[in-house]
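# Observations on the three-dimensional arrangement
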Amino acid sequence: MKFVYETLYYMRDDGFLATIVPKSCVSGTIEANVSYLSKIFKIANLKAVISLPTNLFYPVGANTCIIVLHKTNIKDNKTILINCLNDGFEVVNKARICKNDEC
């Protein structure tokens, strides 16, 4: 979360930042991350959280999400939550492949 904070800090006002982070970083359970989240939310609004499939970075199996932040002085509590956990892919023979023709 330090990287996210530093990026926002040096970004110009009214800019947007989208980044992939482990869900554990944004869940508020690690003290260092809580400190950075507090700093982040003082300078930016959380616009969206997109949950990604667990096997997206196979074979790591990390739970990840995309967070979209808007650096602004105007406080806005509207956040879009998007669930992309089931993207139509499955792991077969150590590779992510489409389960059907809709991918």
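Here goes a summary of the coordinates provided. Nothing here was measured: the structure is a model prediction, and the numbers come from that model. (Residues numbered from 1 in each chain as written. Predicted model: local features only at pLDDT ≥ 70, side-chain atom pairs only at ≥ 80, totals over all residues. Heavy atoms only, no water.)

## Remarks on unusual backbone geometry
Note the cut-off: Numbering of helices and strands runs from the N terminus, with a helix taken as a DSSP run of H or I at least four residues long and a strand as a DSSP run of E at least two residues long.
Looking along the chain, the bond that leaves Y58 and enters P59 is cis, with omega of 10 degrees. By secondary structure assignment, the location of P59 is in the loop between strand 2 (44–51) and strand 3 (64–71). Non-glycine residue N93 carries a positive phi angle of around 50 degrees. Examined against the element boundaries, N93 turns out to sit in the loop between strand 5 (89–92) and strand 6 (95–98). In this structure, K94 takes a positive phi of about 65 degrees despite not being glycine.

## Considering the pairing of strand 6
Our working definition: In this scheme, strands are said to pair when DSSP sees at least two bridges between them.
As defined by bridge partners, strand 5 adjoins strand 6 across 4 bridges and the pair is classed as antiparallel. Counterpart to E90 in the pairing with strand 6 is I97. In sequence, strand 5 turns back onto strand 6 through a hairpin of 2 residues, with N93 there showing a positive phi of about 50 degrees.

Interpretation in functional terms is not warranted from these geometric data alone.
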